[in-house]
Structure formats: C-alpha cells, structure tokens
Amino acid sequence: MTTPEPTSTTEGPGQAVGSVVDLVPTLLVAGGEALARGEDGRVVFIRGALPGESVRAQITDERKGWVRAEVVDILEASPDRIEPPCPMVAQGCGGCDLQHARPSAQPGLKAAVVVDALRRLGGLEAPPVRVGIEAAAEGFRTAVRAAVVEGRAGYRRHHRHEVVVPESCLVAHPLLEELLLEGDFAEATEVTLRVAPGTGERLAVVDPSADGVVVPRDVLVVGTRALKEGRRAWIHDEVAGRRWRISARSFFQTRADGAAALVDAVARALGDDLAGARLVDAYAGVGLFTGSLLAGDLPPGLGRPVSAVAVERSSSSVADARHNLQDLPVRVIKSDVDAWRSSAADVVVADPSRAGLGRRAVEVLASTDAHVVVLVSCDAASLGRDAALLAGHGYRLEDAELVDLFPQSHHVEVVSRFAR
Ligand SMILES: C[S@@+](CC[C@H](N)C(=O)[O-])C[C@H]1O[C@@H](n2cnc3c(N)ncnc32)[C@H](O)[C@@H]1O
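Conventions used here
- Residues numbered from 1 in each chain as written.
- Predicted model: local features only at pLDDT ≥ 70, side-chain atom pairs only at ≥ 80, totals over all residues.
- Heavy atoms only, no water.
- Pairing = 2+ DSSP bridges.
- Helix = DSSP H or I, 4+ residues; strand = E, 2+ residues; numbered from the N terminus.
- Contact = heavy atoms within 4.5 Å.
- Axes fitted to C-alpha atoms, helices over the stretch in contact; angles between N-to-C directions.
- pLDDT = per-residue confidence, 0-100.
- Buried < 20%, exposed > 50% of the residue type's maximum accessible area, 1.4 Å probe, protein only.
- Phe/Tyr/Trp six-rings, centres within 6.5 Å; stacked < 30°, edge-to-face > 60°.
- Lys NZ or Arg CZ within 6 Å of the ring centre and 35° of its normal.
- Core = buried A, V, L, I, M, F, W, Y, C linked by side-chain atoms within 4.5 Å.
- Domains from an automatic or database assignment.
- Buried area = accessible area lost by both parts, 1.4 Å probe.
- Salt bridge = Lys/Arg side-chain N within 4 Å of Asp/Glu carboxyl O.
- Nonpolar A, V, L, I, M, F, W, Y, C, P; charged D, E, K, R; others polar.

**Q** What exactly am I supposed to notice about the sheet that holds strand β9 (residues 152–156) here?
**A** Across a sheet, strands are paired by hydrogen bonds formed along the backbone, either parallel or antiparallel in direction. Spatially, six strands are ordered β10-β9-β8-β11-β12-β13 in an open sheet, and the strand pairing comes out mixed. In this open sheet, the two edge strands, each paired with only one partner strand, are β10 (163–164) and β13 (220–223). Examined bridge by bridge, strand β8 (residues 143–149) and β9 share three bridges and lie antiparallel to one another. Residue pairing in the sheet places Val149 in a bridge with Arg152 of β9. Packing of helix α3 (residues 174–182) onto the sheet brings it into contact with β8, β9, β11 (190–195) and β12 (202–207), and relative to β11 it is tilted by some 155°.

**Q** Could you clarify how one ought to interpret the confidence of the model for the protein chain in this entry?
**A** Low-confidence regions, as indicated by low pLDDT, have predicted coordinates that should not be scrutinised in detail. Taken residue by residue, the protein chain gives an average pLDDT of 94. The fraction at 70 or more is 96%. Below a pLDDT of 50 lies the segment residues 8–13, which in the model reaches ten contacts outside its immediate sequence neighbourhood of four places, other chains included.

**Q** Explanation requested: the environment of Val403 in the structure shown.
**A** Secondary-structure assignment places Val403 in strand β21 (residues 396–404). With a relative accessible area of 1%, Val403 lands in the buried category. In this structure the C-alpha to C-alpha distance between Val403 and Ala261, which are 142 residues apart in sequence, comes to 7.8 Å.

**Q** Just checking my understanding: could you explain the packing of aromatic side chains for this structure?
**A** Each aromatic ring pair is characterised by the separation of its centres together with the angle its planes make. Across all of its chains, the model carries one aromatic pair by this definition. Between the aromatic rings of Phe45 and Trp66, the centroid separation amounts to 5.8 Å while the plane-to-plane angle is 70°, which identifies the pairing as edge-to-face. Here Phe45, found in strand β4 (residues 43–47), pairs with Trp66, found in strand β6 (residues 66–76); they are 21 residues apart in sequence, far enough to count as distant. With relative accessibility at 25%, the residue Trp66 sits in the partly exposed group. Sitting over the ring of Trp244, Arg242 keeps its end group 6.0 Å from the ring centre. Above the plane of the ring of Trp234 lies Arg245, whose end atom (NZ or CZ) is 3.9 Å from the centre.

**Q** I tried to follow the nonpolar core on my own but got confused; where do I start?
**A** Across soluble globular proteins, you tend to see nonpolar side chains buried next to one another. One finds Leu23, Ile46, Val114, Trp340, Leu357, Leu365 and Phe418 to be the most contacted residues of the largest nonpolar core, which totals 55 residues. With seven residues, the top contributor of residues to this core is helix α2 (residues 106–120). Each of two domains, domain 1 (1–81) and domain 2 (106–137 + 253–419), supplies a minimum of three residues to this core. Core analysis: the next-biggest nonpolar cluster, separate from the first, contains 43 residues, Ala261, Leu270, Leu405 and Val415 among them.

**Q** What is the right way to look at the domain arrangement of the protein chain in this model?
**A** Where the parts come together, the accessible area they lose is often given as the size of the interface. Assigned domains of the protein chain: these are domain 1 (1–81), domain 2 (106–137 + 253–419) and domain 3 (143–237). Taking both sides of the interface into account, the surface hidden between domain 1 and domain 2 amounts to around 600 Å²; carbon and sulfur atoms contribute 79%. Three residues, Leu27, Leu28 and Ala30, lead the burial of domain 1 against domain 2; their summed loss comes to 56% of the area buried on that side. Taken together, the links from domain 1 to domain 2 amount to zero salt bridges. For the side of domain 1 that touches domain 2, the per-class residue count stands at six nonpolar, two polar and no charged.

And the structure:
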C-alpha cells in the first residue's frame with residue numbers, strides 16, 4: 001500500500017472528508033478511538049491509533065465540532081502496539097477493535113478512558129479507578145449476535161454494513177466458535193448464538209425463522225417469529241455455584257466466566273455492608289446478582305443479605321428470575337426502574353444497560369434510603385453522568401474497579417461503590 005501524503009501540514013483547511021493529516025493522539029476515549037487536536041483546533045477521533053504515537057490518518061467524517069479519521073500509516077508506534085493476533089482484523093472484521101494494543105496494556109488504556117469520563121462528566125478531580133481482575137483474552141465469548149450472508153454467520157465491518165464471514169474467531173469460546181463457523185443459517189438475516197460452558201448447552205436464535213437451518217444436533221434452534229408467536233426456548237448455565245435458566249430473549253453476560261467475575265467484584269464492593277442487608281437488585285436480568293449474593297459462591301469472609309427485591313422490565317428475564325430465585329427470600333418485580341415504587345433497602349446493586357441510570361432512576365434508587373449503591377456500568381460516559389447524578393443525592397464515589405471482561409475490544413465494565 002502506498003501511504004498518502006498529508007494534504008495539509010500547516011494552519012488552514014485540510015480536515016475535509018478524504019484529506020490526510022498527521023496527528024499525535026493523547027488519549028483513548030469511550031468508543032475505542034484515540035483523541036487528537038486537528039490543526040484547526042477541532043477534536044479528531046482516530047480509529048486504529050493509540051495514545052502517544054504519531055499517525056497519518058484520513059478524515060472519514062466531518063461534523064461541526066469534531067471530525068473522525070482512520071489510520072493509514074503509523075509514523076511513530078506506541079510501545080503498546082502489536083500486530084493484531086487474529087487474521088480476521090486484516091480482512092476488516094469489526095468484532096474486535098483493540099487488537100492492535102498489547103493485551104497487558106489494554107486494561108490500563110481503558111482505565112484511563114474511565115478516569116477521563118469521571119473527570120469530565122462526573123466532575124471528580126481524582127477519580128479512584130483501579131484495574132481489577134483481568135480475564136482471559138482469547139476463547140472467552142459465550143454469546144454473540146451475527147449477521148448472516150448466504151447462510152454463513154459473520155461480523156460487520158466497523159461502522160459499515162458489509163459482513164466479514166470469519167474462518168476463525170480469536171475471542172469465541174470453542175463451543176461458540178464451532179457453531180459460528182460451521183452453522184448453516186439458511187435464509188436468516190441475523191442469528192444470536194449462546195453457549196453455556198457449565199452445562200454444554202447451546203442455543204441459536206434465528207431471525208426470522210429456523211427453517212432450513214443446519215447445526216450440530218445438540219443445538220436448540222428457534223426462530224424469532226416463533227418466539228413472537230409465544231414459543232419459549234431456554235438453556236441453562238452454571239455460574240457462581242448456581243444453575244441459571246436463560247431464555248432466548250433474556251439478558252445474560254456475554255462470557256460465563258465474566259458473569260462469575262462480576263459477581264465477585266460486586267460482592268467485594270459491597271464488602272461488610274452485605275451481611276444482614278436488605279438488597280435491591282435493579283436491572284436484575286435473570287437474577288444473577290440476587291441469586292449469587294444470597295446463595296451462590298462468594299469470596300471468603302463475606303456475609304449474606306437477608307432478603308432482596310429484584311426489579312426488571314423484560315417479561316422473559318422476569319420469568320427466568322422467578323424460576324431461578326424461587327428457593328430464596330426474594331420478590332421479583334416486573335417494572336421499569338424509572339416507574340418502580342421503591343421500598344426501603346440497605347444496599348442497592350444497579351446494572352443498567354449502556355444508557356446508564358439517568359436522572360429518574362437515580363431518584364428512585366436514592367429513595368430506597370440505601371447507604372451504599374454499587375453501580376455496574378458498561379459505558380464510561382454513562383458512568384460519568386451517573387456519578388454526577390448520584391453525587392446530587394449525597395452518594396460519593398469510593399472505588400471504581402475496571403473488570404476487563406472484553407479484552408481485544410474497547411468495551412469496558414466498571415463496578416463502582418458509592419456511599420452516603
Ligand atoms: C446489563 S443487563 C444486567 C442484567 C443482570 N444484572 C446480569 O448481570 O445478568 C440490564 C438488564 O436491565 C433490563 N433493563 C433495561 N432497562 C431497564 C429499565 N429501564 N427498567 C428495568 N429493567 C431494565 C434489561 O432487560 C436487562 O435485563
């Protein structure tokens with residue numbers, strides 16, 4: 001490949017789409033791009049760059065306050081840069097967007113993203129962020145949503161519609177990789193695959209119909225049309241010492257060992273406040289935190305809550321949670337957290353989707369009068385915003401642990417302890 005010359009090296013224009021510029025990014029930001037200042041002072045988000053290196057990049061998108069660019073050449077590489085270990089990256093697979101960073105450097109880069117968000121959006125001068133457990137960086141993923149082209153499952157290219165059909169997948173669990181590579185999904189447009197290492201069970205949810213699908217005999221296959229018509233389909237997994245029913249439409253973490261790691265991190269964040277507590281588990285899914293904290297495997301030395309209220313809005317997850325928690329002193333409430341008429345609690349665990357809690361949910365959770373809120377965030381920016389909202393109700397951030405569940409990609413998971 002011939003490297004394009006920079007279109008502009010001096011003050012002035014040069015940041016229109018298609019132009020090529022030399023940049024020195026200073027920080028990885030939420031979304032996995034590296035941030036630099038263009039010569040016109042605008043922020044440039046550069047895909048494929050790492051902080052501290054010097055890159056030549058082509059502008060791909062231009063907006064009023066910022067532009068987006070893609071690396072075309074590395075002028076001076078970061079010591080953290082490596083050749084992506086998965087050959088699919090060179091073919092354009094958009095599944096993993098941080099493979100160009102050494103796995104041992106990735107948690108630190110992501111912790112810096114979290115610190116930046118807590119400073120800018122959370123208003124905290126010195127956010128107490130630390131890197132916690134680092135999970136295996138290969139063969140871990142137990143669930144994936146894939147596009148289907150001519151029967152084959154594939155990953156979309158970054159920010160594009162084209163699909164790359166992989167010949168291997170660095171991050172898929174072996175039970176998932178086999179299904180991903182060898183499944184024939186016939187006329188489907190999309191497929192969601194989930195495997196359960198604890199039991200060996202596997203599920204394929206095919207959109208729109210399972211007609212003509214060919215997969216290994218053990219795999220339970222269901223079409224989204226059949227689910228809409230009322231069919232139920234589920235598999236089971238064993239995590240944190242308990243058995244979980246997980247239905248086709250229910251949420252469960254995308255790596256089983258990561259679900260156990262999150263339970264540990266949440267339990268440690270609650271610490272001595274666990275013993276004898278009335279727990280509220282908001283955004284409870286199939287009941288992972290409630291079930292594990294009350295009766296699953298926990299780090300040694302921790303007490304147990306006495307009771308729990310689990311709040312969840314998805315009918316499918318609520319049905320699973322009622323099944324999974326039926327032996328425990330738990331009320332499972334089907335409600336949007338924003339609309340829940342709260343009851344008193346000592347501790348709250350909240351694990352919202354990427355959008356975070358937001359103003360209303362923070363009001364609702366604060367009205368439980370809990371003295372501790374443990375927030376599980378999968379987005380650095382929403383964590384920053386939620387930290388500011390929680391501060392408005394008297395909750396101070398005491399600790400934020402980055403649990404790196406998604407090596408090779410920019411995605412973060414952060415378990416934060418807020419206390420009044
Ligand atoms: C990130 S998942 C966490 C689930 C669970 N804590 C776990 O780790 O398996 C978020 C869950 O919140 C639910 N959810 C999303 N928005 C909600 C809302 N506004 N009110 C109640 N539940 C919501 C989703 O259905 C999903 O089950």
